[in-house]
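Listed here are the chains, written in short residue letters.
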Amino acid sequence: MDERDELQQKIADIAGRYIQRTAGELGGLRELIAKVRAGNAGAAKEVEQLAHKIYGSGSMFGFEAVSEQARELELVAKEAVSPQMVDRLQTLADALAARVQAALQARGVK
Amino acid sequence: MSRGPLRTVMYVDDEPDIREIVQLALGLVDDLKVEVCESGERALQRLPDMTPDLVLLDVMMPGTDGPTTLQRMRADPRFVDIPVVFVTAKAMPAEVARFRELGAVAVIAKPFDPMQFGQQIVTIWEGIDHGRA
């Protein structure tokens, strides 16, 4: 195995870790959205940052569906806080969770 | 004026997986020393010790983000001449133009190809030497 093959293998390993860690971050995302709903506007910035991280890394590792969903979440998190905006955050977070779950299942992880 | 070959790079990103990818990708470049930092603040602390040839900055990081890190480098005479490249998912044309106005010599969009990343960085470095970047 030359160093490029080795790099490809390591990237695949890191991608596996990424999607599992992202699954673990979804609980935190839901908590942040609950804080936004409770009136903590600063939590919206944290939602935006977390969604941006998932978006950027997801595309790096070939999880395009996860990345695209996170991008939508990031964009909504930038909007002015309103009950409708929080509802959309929740809907998008649920959709993101479904896509992460699908990605995990595709890798044989339940 | 030539700066000589690229020897040292600092990469700054809060995302550990991307830091690892960059470290591995730049490992394909012969004789290149790479230091990674998890935040802009940490990078600013490490710069006096390392004085890298080139700094690669993620844009959106908690605390001191990439643009703020660049501005603080430019305000410090010790680091004012170190070229900075942004590596970012925020690579829409208007954002790229803003980063160039801030003083970035180049902007690399995420996702990037890890297999090509090292050569991309070397090409940017060589462009700085010849006034192309």
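Keep in mind it's a predicted model, so treat the numbers as computed, not measured. (Residues numbered from 1 in each chain as written. Chains lettered and ligands numbered in written order. Predicted model: local features only at pLDDT ≥ 70, side-chain atom pairs only at ≥ 80, totals over all residues.)

For chain B, the helix and strand inventory stands at five helices and five strands. Overall, chain B shows an N-to-C arrangement of helices and strands of β-α-β-α-β-α-β-α-β-α. Over its C-alpha atoms chain B spans a radius of gyration of 13 Å, differing by no more than 12% from the 14 Å that the globule rule assigns to 133 residues. The dimensions of chain B, computed from C-alpha atoms along their principal axes, are 35 × 30 × 30 Å. Put simply, chain B has 133 residues, and 38% of those count as buried. (Helix = DSSP H or I, 4+ residues; strand = E, 2+ residues; numbered from the N terminus. Rg over C-alpha atoms; globule rule 2.2 N^0.38 Å. Buried ≥ 20, exposed ≤ 12 C-beta atoms within 10 Å, placed from the backbone.)

Each helix and strand in chain A was counted, giving four helices and zero strands. Each helix and strand of chain A, placed in order from N terminus to C terminus, yields the pattern α-α-α-α. Each of the three principal axes of chain A carries a C-alpha extent, and together these read 55 × 25 × 20 Å. Across the 110 residues that make up chain A, the buried fraction comes to 36%.

Take helix α2 (residues 40-50) of chain B next. All names here are of chain B. Buried within α2 we find Gly 40, Ala 43 and Leu 47. Within α2, the buried residues cover an arc of 50 degrees as seen down the axis, which keeps them to one side. Away from the buried face of α2 by more than 90 degrees, exposed residues Gln 45, Pro 48 and Asp 49 are located. A positive backbone phi angle near 40 degrees is found at Thr 51, which sits one or two residues after α2. (Arc of directions from axis to C-beta.)

Residue and element names in this part refer to chain B. On the secondary structure map, Phe 117 appears in helix α5 (residues 114-129). Spatially, the C-alpha atom of Phe 117 lies 9.2 Å from that of Leu 28, the residues being 89 residues apart in sequence. In this structure, Phe 117 is in contact with Val 22, Ala 25, Leu 26 and Phe 112, ignoring residues within four places of it in sequence. (Contact = placed C-beta atoms within 7 Å.)

Residues Val 47, Leu 73 and Leu 89 of chain A together with Val 9, Leu 56, Leu 57 and Val 85 of chain B are the most contacted members of the largest nonpolar core, which totals 66 residues. With eight residues, helix α1 (residues 3-37) of chain A is the largest single contributor of residues to this core. Contact partners of Val 47 of chain A, with chain neighbours within four places excluded, come to Leu 29, Leu 32, Ile 33, Val 36, Ala 77 and Leu 89 of chain A. (Core = buried A, V, L, I, M, F, W, Y, C linked by C-beta atoms within 7 Å.)

Residues and elements named next belong to chain B. Across the sheet, which stays open at both edges, the five strands sit in the order β2-β1-β3-β4-β5 with parallel pairing between neighbours. The open sheet has two edge strands with one neighbour each: β2 (33-37) and β5 (106-109). Strand after strand, the sheet turns through a mean of 20 degrees between neighbouring axes, direction not considered. Pairing geometry for strand β3 (residues 54-57) and strand β4 (residues 84-88), over three bridges, is parallel. Pairing of Leu 57 across the sheet is with Phe 86, part of β4. The sheet contacts of helix α1 (residues 16-26) involve β1 (8-12) and β2, and relative to β2 the element is tilted by about 175 degrees. (Pairing = 2+ DSSP bridges. Axes fitted to C-alpha atoms, helices over the stretch in contact; angles between N-to-C directions.)

This next bit is on the pairing of β2 of chain B. A regular strand places its side chains so that they alternate between the two faces of the sheet. With five bridges connecting them, β1 of chain B and β2 of chain B associate as parallel partners. Counted as the bridge partner of Val 12 of chain B is Cys 37 of chain B from β2 of chain B.

Residue and element names in this part refer to chain B. When you line up the elements, Cys 37 lands in strand β2. With 20 residues separating them in the primary sequence, Cys 37 and Asp 17 have C-alpha atoms 12 Å apart. When sequence neighbours within four positions are dropped, the list of residues in contact with Cys 37 reads Met 10, Val 12, Arg 42, Ala 43 and Arg 46.

What follows is about the confidence of the model for chain B. Caution applies to low-pLDDT regions: their predicted coordinates should not be interpreted in detail. On average, chain B scores 92 in pLDDT, and the residues at 70 or more come to 95%. Reported confidences for the modelled complex are a pTM of 0.86 and an ipTM of 0.76. (pLDDT = per-residue confidence, 0-100.)

This brings us to helix α3 (residues 64-77) of chain A. With 14 residues, α3 of chain A should cover 20 Å at 1.5 Å per step; its first-to-last C-alpha distance of 20 Å lies within 8% of that length. Along α3 of chain A, the residues that are buried comprise Val 66, Ser 67, Gln 69, Ala 70, Leu 73, Glu 74, Val 76 and Ala 77 of chain A. (Expected span 1.5 Å × (residues − 1).)

We now examine the pairing of β4 of chain B. Residues and elements named next belong to chain B. Most of β4 sits out of view: five of its five residues are buried. Crossover connection from β3 via helix α3 (residues 66-74) to parallel β4: handedness right-handed. Relative to β5, β4 runs parallel, the two being bridged by four bridges. Residue pairing for β5: Val 85 is matched across the bridge by Ala 106. (Right-handed = clockwise from strand over helix to strand, strands pointing away.)

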